[in-house]
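Chain by chain, the residues:
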Amino acid sequence: MRIRVAPYLLIGLVGATIYFFFPAQLPLASRIATLAIFVMSLDLIVGHGGLATLGHSALYGTGAYTAGLLALHSSSNPLLGLLAGGAAGATVAALSGLFVLRYQGLTFLMLTIAVGQIIQNLASKFRAWTGGDDGLSGFTTGKILGLATFDLQGRVAFLYCTGVLLICLWMMRRLMGSTFGLACIGIHQNRLRMAALGTEIQPKLLTLYCLSGWFAGIAGALSAQVNQIVGLDTLGFELSAEALVMLVLGGAGSLFGAIAGTALFTTIHHVASNIDPYHWLFVIGAMLVCGVLIPRERWGVLMRARA
Amino acid sequence: MTLLANILIDGIAYGMVLFIISVGLSVTLGLMRFVNLAHGAFAMTGGYLASWFIRAQDWPFAFGAVGAVVLTGLLGMAIEALVLRRLYRMPELQQVLFTIGLSFLFVASANLLAGPEVQLIPLPPWLKDPIDLGIRTLPAQRLLVVLTGLLVMMISVLIMKYSRFGIWLRATVDNTQAASALGIPVEWVYALTFGAGAALAGLGGILGAELLPLEPYYPIKYLVLVLVVVAVGGMGSVAGSMLAALVLGTIDTASKYLASDWGSLFYFLVMALLLAWRPQGLLSPGRT
Amino acid sequence: MNAAVPQSGSAVPSGALVPDPVLEIRRLGKSFGGLQVTRDISLTLNAGERLGLIGPNGAGKTTLINLITGVLMPDTGTVYLNAVNLNGLSQPQRVKRGLARTFQITQLAPKITTLLQVEMAIHERNGSIGNLWRSVDAYPEVREEAMGILEMLRIESLAQRPPITLAYGEQRLVEIALAIALRPRVLLLDEPMAGVPEPERHIVLNALDRLPPELAILMIEHDMDLIFNFAHRIIVLAEGALLADGAPKQIRNHPAVRIAYLGLGSDPDQPMIAAELDPH
């Protein structure tokens, strides 16, 4: 992949605009940044690896609970929390991947749902650890890099989230731009061809899944640290499904699309929910329906017709 | 002993409801190869319509139920003919996305038209009374559900195997162009099959209203349950859906009775093991 | 000789074959249900040798290739590559030991550019495919080698184009480029001319001419012109069994072969094949 500086600058520009001119939206922007990391991690396995999963929140939630538990019982160092969350996500991905990656298509999809639901039910059962329906709370997040703690307006949280987003974006772009990334894309497009080149497919997919779990776990840890509470919904099917929709809205396969899709979906959800909690479903539903029915070429015509 | 009997009865009833709702999806997914994640929306539609007919319009239960089922079937046919037809050739992901969007629209519409509250379907006295079977008494509603499930399965299998429509359906699915060249009205076959699946889903929604409450998020909330039955049973296999629905329904009910703080963990654990053992489904009909 | 294609120890000019068996198949058998698709097949392929495999449709030619490459597991018999028993080895493991193939229906990653795909093959061969961090653009030696292979096949102009934008004949060439990039000892070509439209045939023919001479090649084809010009030796398969094995002239006059081909009336290639086999 070519080095593209423009997207980083764009994110920086948008971030700066929000920071200086729309400070009331900082919490929303932090949420978008956190979710964007999660959706990018989904892009690795869906957009690059070609494996549609509806159980990705299991990795996100695991990271969230890990970071929360670490802060509660041991250390509130945020960077340590991120690393712990990432490691937890990668570990769960490795263990479940050994099982689910042997399958493809609908079977794989259903198994990822099953794993996700099993983990969510486990978290609910062991409420002594996780707080169950009430959620895990009572922990605080320490100073970021020893410099600043979260302020009430959410400025520090926003800078923290955006910083982590940019670093994760860079790392993921590098990973997918390597020969490993190329092989994964090849596996996505034609497994038979890759086998004929001598590629060991299962180990590559497992590695990709673990990397995806690593970043999903970091996203979860970030959300735990910023919100200072972790609920069972971080492990839920709804989150997995919404993440897939966000990815598809923005376009899978480039990582930038994941960020755009997350921003679009979350903003619509936020704006529409203020009117009625169900209205965002109209907008997103219509977008999905029209997006599929109207082929790409006609979008271009429509855009030009408006101009 | 009574506990076991209760688990079995409730489990089988629950399984039957799942079967009736899911059989349409199994057929469209397995035979028509169309991924319709909005299937639950038809179950919701059937339930909502029945609730409106019976409660707001004061129709007798049987009329309301039948009317709702027929209307849902017609709605399914209309959607298939007007919209879904264009999606058959598209890649699976597109079908998934479209039908997710469609179910979002259903959810939002349900809220717009009827509000966020649960829609209740009042049972008539003849369904509320217990029926004495000799060995024990059963609520009539449970008996109705089980009988309906068995009837649906018998009729589906009979139609698919022995009727002309069944032959048309299999021919159309195997090779649409050839079937059309032979004079089979393929468009009608698709529309009727889809409509029948939608109608059955609606029936399941009505019968299962107690177990699966009718509220706007219904299509999304119960999507997973339906997909599980279809995947484990084998896409396209009516008998497979029945088997999967009964097994999984009983396990879920048992775990609710016996180990409720584990939630639906055992349901998904069994499901994962069954799928891992038979990735094509328990009774897949032998197609690739 | 193009510098990008390495000289191996046993460069063999065609016509003067030094027996150096790279592929040995002993009594290979396979059945599906009750149907025996491969019967007791034994053959040897030497370095630098070009073996043509012909036979009517349904004779089991592609099945044989699938058995050699590991797509299918045999019921009986063994395959030896450079004296290594391949039984139990997976497809990728066999590729790593020096076996490469092309497909009857072209199999390429549709949206990855030609150059990158060839580079990918080289990375697989090198072992650098597992690197998580270094960008694909940061391997100048690999890029140079890949361009060299494309130039040898005269398709360097297709370097930045993905297969989805290429003509069928050009896609075939990319497949051949990938096979060459793996530097195999044995190359299996499954009907390289299949599906290639008439105007593009010469592209593929020229590419076949440029294959490294020390490579051992087994080619399945229906195009008799091509086979009889290309192969040093021809084997004939019918109903899963080896019917004949010899030089092109011998095969042309072999009575059992003529019957096997002439006996099947439904094959549309029949008239052509009969005419080809008939020396007059």
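Residues numbered from 1 in each chain as written. Chains lettered and ligands numbered in written order. Predicted model: local features only at pLDDT ≥ 70, side-chain atom pairs only at ≥ 80, totals over all residues.

Undergrad: For the overall build of chain A, give the residues involved together with the corresponding values.
TA: Scanning chain A from N- to C-terminus turns up 14 helices and 2 strands. In terms of overall dimensions, chain A is globule-like: its C-alpha atoms have a radius of gyration of 19 Å, near the 19 Å expected for 307 residues. Counting all 307 residues of chain A, 55% fall into the buried class. The long-range share in chain A, meaning contacts at least 24 apart out of those at least 6 apart in sequence, stands at 76%. (Helix = DSSP H or I, 4+ residues; strand = E, 2+ residues; numbered from the N terminus. Rg over C-alpha atoms; globule rule 2.2 N^0.38 Å. Buried ≥ 20, exposed ≤ 12 C-beta atoms within 10 Å, placed from the backbone. Contact = placed C-beta atoms within 7 Å.)

Undergrad: So what's going on with the sheet that holds strand β9 (residues 233-238) of chain C? Residues and values would help.
TA: All names here are of chain C. The sheet built from 6 strands is open, its strands ordered β6-β7-β8-β3-β9-β10 with mixed pairing. Strands at the two margins of the open sheet, each flanked by one partner only, are β6 (99-102) and β10 (241-246). The average angle at which neighbouring strand axes cross in this sheet is 20°, direction not considered. Relative to strand β7 (residues 186-190), β6 runs parallel, the two sharing 4 bridges. Bridging from a neighbouring strand, A100 pairs with L187 of β7. Across the face of the sheet, helix α1 (residues 61-69) comes into contact with β3 (50-54), β6, β7, β8 (216-220) and β9 while running at roughly 150° to β7. Each of β6 and β7 touches helix α5 (residues 168-181); the most contacted strand, β6, lies at about 180° to it. (Pairing = 2+ DSSP bridges. Axes fitted to C-alpha atoms, helices over the stretch in contact; angles between N-to-C directions.)

Undergrad: Account for the confidence of the model for chain B, naming residues and giving values.
TA: Residues and elements named next belong to chain B. Here chain B shows a mean pLDDT of 87. Residues at 70 or above account for 97%. Confidence, read as mean pLDDT per element, is least for strand β2 (residues 137-139) in chain B (77) and greatest for helix α3 (residues 61-82) (93). For this predicted complex, the interface confidence reaches an ipTM of 0.84, while the overall pTM sits at 0.86. (pLDDT = per-residue confidence, 0-100.)

Undergrad: Now, about the interface of chain C and chain A: what can you tell me, with residues and values included?
TA: Counting from both sides, the interface comprises 27 residues of chain C and, opposite them, 20 residues of chain A. Secondary-structure elements contributing two or more residues to the side of chain C that touches chain A are α2 (91-96) and α3 (114-126) of chain C. Broken down by element, the side of chain C that touches chain A gets its largest block of residues, 5 residues, from α3 of chain C. Of the residues contributing to the side of chain C that touches chain A, the split by class is 15 nonpolar, 7 polar and 5 charged. (Nonpolar A, V, L, I, M, F, W, Y, C, P; charged D, E, K, R; others polar.)

Undergrad: Describe in detail helix α11 (residues 237-250) of chain A, supporting the description with residues and values.
TA: Helical periodicity: at 3.6 residues per turn, an α-helix aligns residues three or four positions apart in one direction. All names here are of chain A. An ideal rise of 1.5 Å per residue puts 20 Å on 14 residues; α11 measures up with 20 Å between its terminal C-alpha atoms. For α11, the buried fraction is high: 11 of the 14 residues fall into the buried class. Residues of α11 that are buried: F237, S240, E242, A243, L244, V245, M246, L247, V248, L249 and G250. Just downstream of α11 lies G251, where phi reads positive at about 105°. (Expected span 1.5 Å × (residues − 1).)

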